[in-house]
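Here is how the chains run, residue by residue.
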Amino acid sequence: MWRRLGEKVIHYRFILLLFLALATGAMGYFATRVKLSYEFSKAIPEDNPRFLDFKAFKEKFGDDGNLVVIGVEDKNLFSLHHFQAYAKLEKELKKIKGVEGVIGIPGAITLKKDQIHQRLISEPIFNEIKNQAGLDSAAKRFYNLPFYRDRMYNPQTHAYLMGVQVDKYIMNTPERSDLIAQIVQQAEVFESAVQQKIHLSGLPLIRTQVADRIQAEMKFFLLASLALSVLILFLFFKSISTTILSIGTVLIGVVWSVALIYLCGYQITLLTALLPSLVVVIGIPNCIYFINKYHTSFKSTGDKKEALINMVGKMGVVTLFCNITAAIGFAVFAFTQSAVLKEFGVVAGLSIMVIFFVSFILLPAVLYMLPKPKEKQLHYLESPFITAFLDRVVYWVFHKQKWVAGITIVVILMAVAGLFRLRTEGHIVDDLPQTDRINTDLKFFERNFKGVMPLEILVETKKKNGLTGMRALSVFGKVDSLCDFIEHLPDVAKPLSLAEGLKFAKQAFYDLDSNQYLMPNNFDGAFVAEYLKPAKGKDSTGNLQRVMHSFMDSTRRVTRISVTMKDVGTEKLPFLLDTIQKKANQLFDSTQYKTTLTGTSITFLEGSRFIINGLQESILWAFGLIALCMAYLFRSGRIVICSLIPNIIPLIITAGVMGWMGVRLKPSTVLVFSIALGIAVDITIRFLVNYKQELPAFLGDIPETVRVTIKQTGLSIVYTSLVLAAGFVLFCFSSFGGTTSLGWLTSLTLLTATLTNLIILPVILPVVLGKKQEKKSEFLK
C-alpha cells in the first residue's frame, strides 16, 4: 500500500505541490491574524465553584488585580526635595492615559468634622506644601492616622507604597504594554531625582511584562531552532539543497501551526508560543528519517525513483505512527478540564499531524526533481563514531545482559527513591528566576508590606439592606475581629474593609484623636452614622463615601474584605486559607451569614490543582492510546508489552532526577512526561517496525533480526535523538523556569529513551518473544 502511495506522490507531484502551495498561502493569511493573549488563560473550567465565586465577585466589585504598586525605601522621603519629587511622580502618573487613579501619600486625605452640617469632610493633608516646616506639620498629621500605617508606609523600614489603578479594559489590549512602560518611566524619573532604588509590582505589571517576554522569546526560539536545524542538517547531509528542502518543510509546518491557533479561536499564550519551535524540533527528525532511508536505498539500488518509492514504502507507515504517538503525547492535554492545556493540546496535536502530511508530499516530490545524491552526501551512512557505538551496543545486548539488567534495576531503585522526594508546589511568579527584577521587586513588597497578591473575603448577610442602620455595627464588629486575626498572620498584609473606614470616621468624630481609632460602639455609633450620611444635593461626601461604596454591593447585603498576601505557593496556601475560613466560621453563624474566600490567589491555587491532576490523567491517557496504536500496528500483545517497558523507565528516571535535584512538580514541569512519552515512543516504533520488516528475511530468527535492526536503525535513531535533545535544550535559554525545565528534562528523557530502546528493548525482545516467528502486520506491507 505504501509503495503505491509513493508512486502516486511522484506521479502527481506538480498537482500536489500546487495544492500545498495554495493551502499554505491561505494558512499564511490566517497566521498573520493571530493575536497575543493579554489575559491569564483560564486554568479551571467555567462551571467550577471557585471560578463561579470569583466571577460573582467581579460582577459586584470589579476586578481584584488592577493595581500597580510602586515602592521605595527612603528615610528622607519627608525632606522637601524628596517629597516634592514624590508628589510630582503622583501628579505625572495621573496624566497617563489608562491610569484611573493614584493612591499615595502626597494625595492622602484626612477627615474633618463639620459640626454645622453634621457631616465629615475629606481634605488633603499635603496641600500646597511650600517649605520644610509646612511639610513637617503635614507629616505629623499624616502619622497620626493609623488608617495609613502598614498600608502606605512601614514605620520600621521607612518603606513607602504608591498604588496606581489602571483601566482593566486597556489591560486586555496591546496598549497595555505602552501603559506599563509609561508608569515604569515615571517611576525611574523619580528614582533618578532622589537616588533611591524604586520597586514595581502588581498583577497588571507582572502580566504585561510576562506577555511581552513571551512574544520576544517566541521569535528567539523560532530563529534559534531554525539556525540549529540548518547547522545540523548541513553537517549531516553535506547538501545545501537537502538542507533548504528540510527547512522549507518545517517552515510550512510553522505557518500551519500559527494559523491553527487562529482558526481554533485561540490566542498566543505562554504554552502556545512554544508551538512553532516545537514544530521545528519535531519536524526535522521526520526529514532526517525520510532522507536517511532515501540515501540508504539509493546507495543499494542506484535508482533515484526506486529509492524514493522505497523510502515512502518503508518509512511512510513508521513516520505516520511516530507522528500519531507524538501527537497523542500533546493531544491528551485536550482531555483535561483546563482551558490553557486544551488549547495547547488541540493545536499541538493537529500541528504534528500536519507536519507529517507536509513531509509526505513535499519530500518525495521535490527530491525526485533534484539531482541524484553525490557520493560525499552519503558518507554519513558509514560514520565511524556511530558504527563503533552501535557495535558496542550489540556487544552489551548479546553478551552483557546480566550487567544491563543489574544496572537498570539499580538506576530504577535510585529513581524510585527520588520519587519520594518530589514535592508539588507552584507560585504565581514561579517560572521566573529568583534574581529576575519581577521577583526581587515582589520580595521587596513581601518584606515591607507582606505582599501584593490579592485575596478577597465576602461576607453576605442573607438579607437585603442587612448592612444598614445600627444592626450593621455588630456585623462590622465581626468583620473587624476577622481583620485583626488576619493582620497577625505572618504572610498576610493588613486587610482593608468598611470596618477600617468606620474606625477612621470615629477618629475624625473625636477630633482625630488616634486613641479613638476604634470600632464605633452602641453609644457613639448613632452619632458617627449621622456624620457619614451624604450631604443633601450631593452625590457623596467625597473620597470616603466612594471607598465605602466600593466595599458594599448595591443591595447592601454583601461586604468585602480586601487582603494582599505573599506569594506563598500552592503547598502553603491551602493551610493559610483554611485558617482564615475556620476563623470566619467561628465569627459568622452560617445560618445568618455566608463567607466566601475568592480572588486571583484562590483561582491560581485551584488552577494549579486542575492542571497537575489533569496532566496526571493525561499521562494515563497517553499510555492507553499509544498502547492501542502499538496493538493495531503490530497485532501482538507481547510486542506491546515490550514497547512500553523501555518508555516507562525514562519517565521514572526523569521523575527521580527531579526529586533528587529538588525540581518541584508544578504545571510547567509536569508537562514533560506526556510530551516526552509521545516523542520517545517514536524511537520504539522505528525500531520495532524495522524489526518486523526484517524478520521474514531471517526466517524468524529473532536474535539475528534484533542484531541487524540495531545496525540498520541505530544511525538514524542516534542522529534524530541528538537533534531532538539539542532542540529542546534551546528552551534552557528561556527566562521562564518552566520553559527551562521543559527543555532539559525533555532532553534528559529523550536521551534516556534512546539508550533504553537501543539496549533494553533488544535485550527483552528475545526473552518475551522467544524463538517463535511473529506474524507480520498487513499494515506494514
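## Quick notes on the sheet that holds strand β10 (residues 594-598)
- If you trace the three strands from one edge of the open sheet to the other, you get β9-β8-β10, paired in antiparallel fashion. Either end of the sheet is taken by a strand with one partner, and the two such strands are β9 (558-565) and β10. Strand-to-strand twist of the sheet, defined as the mean angle between neighbouring strand axes without regard to direction, takes the value 20°.
- The sheet contact formed by strand β8 (residues 453-460) and β10 spans five bridges and is antiparallel. Paired with E460 across the bridge in β10 is K594.

## Quick look at a nonpolar patch on the surface
- Together, V410, M414, W660 and M661 give the surface a local cluster of nonpolar side chains, amounting to about 460 Å² of exposed area.
- At the level of elements, α13 (401-419) and α21 (637-661) are the ones that each hand at least two residues to the nonpolar patch.
- On the basis of relative accessible area, M661 is assigned to the exposed category, the value being 57%.

## Things to note about the environment of N522
- Topologically, N522 is positioned in the loop between α16 (498-509) and α17 (525-532).
- Separated by 48 residues in the primary sequence, N522 and S474 have C-alpha atoms spaced 9.2 Å apart.

## Description of helix α19 (residues 573-587)
- For α19, spanning 15 residues, the distance from its first C-alpha to its last is 21 Å, which sits close to the expected 21 Å at 1.5 Å a residue.
- Where α19 is concerned, the buried positions are L573, L576, L577, I580, A584 and L587. Buried positions in α19, seen along its axis, are confined to an arc of 95° and lie on one side of it. Of the exposed residues in α19, those oriented more than 90 degrees away from the buried face are F575 and Q586.

## Some details on the state of the cysteines
- Within this structure, the stated rule accounts for zero disulfides.
- In this structure C629 is not part of a disulfide, and its nearest cysteine sulfur, from C322, lies 11 Å away.
- Here C629 falls in the buried class, since its relative accessible area comes to 13%.

## Quick word on helix α6 (residues 175-194)
- With 20 residues, α6 ought to run about 28 Å at 1.5 Å a step, and its terminal C-alpha atoms sit 30 Å apart, in line with that.
- Residues of α6 that are buried sit in contact with β1 (67-73), α4 (80-95), β2 (99-103), β6 (159-166), β7 (198-201) and α7 (203-237).
- Phi for Q195, located one or two positions after α6, is positive at around 55°.

## Description of empty space enclosed by the protein
- Applying the stated criterion across every chain yields a total of five cavities of 30 Å³ or more.
- In this structure, the largest cavity occupies an estimated 90 Å³ of space.
- In terms of lining residues, the largest cavity is bounded by 14 residues, among which P285, Y289, D682, R686 and L724 are the most central.
- Of all the secondary-structure elements, those providing two or more residues to the lining of the largest cavity are α9 (275-301), α10 (304-331), α22 (667-694) and α23 (702-729).
- Quantified by volume, the second largest cavity comes out at close to 80 Å³.
- Around the second largest cavity, the lining is made up of 11 residues, and of these E217, M218, F221, A273 and L274 lie nearest the centre.

Calculation criteria
Residues numbered from 1 in each chain as written. Predicted model: local features only at pLDDT ≥ 70, side-chain atom pairs only at ≥ 80, totals over all residues. Heavy atoms only, no water. Pairing = 2+ DSSP bridges. Helix = DSSP H or I, 4+ residues; strand = E, 2+ residues; numbered from the N terminus. Axes fitted to C-alpha atoms, helices over the stretch in contact; angles between N-to-C directions. Patch = residues over 30% accessible without salt bridge, like charges linked within 9 Å, V, L, I, M, F, W, Y side chains within 5 Å. Areas by Shrake-Rupley, 256 points an atom, 1.4 Å probe, with all protein chains shown as cover. Salt bridge = Lys/Arg side-chain N within 4 Å of Asp/Glu carboxyl O. Buried < 20%, exposed > 50% of the residue type's maximum accessible area, 1.4 Å probe, protein only. Expected span 1.5 Å × (residues − 1). Arc of directions from axis to C-beta. Disulfide = S-S within 2.5 Å. Contact = heavy atoms within 4.5 Å. 1 Å grid on protein atoms, 1.4 Å probe; cavity = no way out; pocket = protein on both sides within 12 Å on 5 of 7 lines; lining within 4 Å. Points joined across faces, edges and corners; volume = space filled by probe spheres on them.

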